[in-house]
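# Descriptive structure summary
Listed here are the chains, written in short residue letters.
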Amino acid sequence: MLAYKMNVLETLKKAGYNTTRLRREKLLSESAIQYIREGKPVGAKALDQICALLDTQPGNILKYVANTDRKNDRGQDG
């Protein structure tokens, strides 16, 4: 599963983009902001916008974390 390497909203805020500005200027959707708050990965469009605002790469924002509780795709054990 994907997880954030940083507190995205705090990093955006330090760069001058608080949530009010993000909404008012339609830089990120309300659902994208809520997903970030909940620690859920956002879609490609929102990730692209975050990268542009922070002048960074997706790999600096997200990381892959193995989910050991996850069953394989077929729902079989083994």
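Just above sits the structure.
The paragraphs below set out a description of the structure included in this document. (Residues numbered from 1 in each chain as written. Predicted model: local features only at pLDDT ≥ 70, side-chain atom pairs only at ≥ 80, totals over all residues. Heavy atoms only, no water.)

## Description of the nonpolar core
One finds Leu12, Leu22, Leu28, Ile36, Val42, Ile50 and Ile61 to be the most contacted residues of the largest nonpolar core, which totals 20 residues. At the level of elements, helix 1 (8-14), helix 3 (30-38) and helix 4 (44-54) are the ones that each hand at least two residues to this core. Among residues more than four places away in sequence, those in contact with Ile50 are Val8, Leu28, Ile36, Val42 and Ile61. (Core = buried A, V, L, I, M, F, W, Y, C linked by side-chain atoms within 4.5 Å. Buried < 20%, exposed > 50% of the residue type's maximum accessible area, 1.4 Å probe, protein only. Helix = DSSP H or I, 4+ residues; strand = E, 2+ residues; numbered from the N terminus. Contact = heavy atoms within 4.5 Å.)

## Focus: the environment of Gly59
By the element assignment, Gly59 lies in the loop between helix 4 and strand 2 (62-64). For Gly59, a relative accessible area of 39% corresponds to the partly exposed category. Separated by 55 residues in the primary sequence, Gly59 and Tyr4 have C-alpha atoms spaced 9.5 Å apart.

## Some words on the environment of Leu2
Tracing the backbone through its elements, the reader meets Leu2 in strand 1 (residues 2-4). Accessibility expressed as a relative area gives 43% for Leu2, which makes it partly exposed. Taking C-alpha positions, Leu2 is 9.5 Å from Asn67, a pair spaced 65 residues apart along the chain. Setting aside residues no more than four positions away along its own chain, Leu2 makes contact with Pro41, Leu62, Lys63 and Tyr64.

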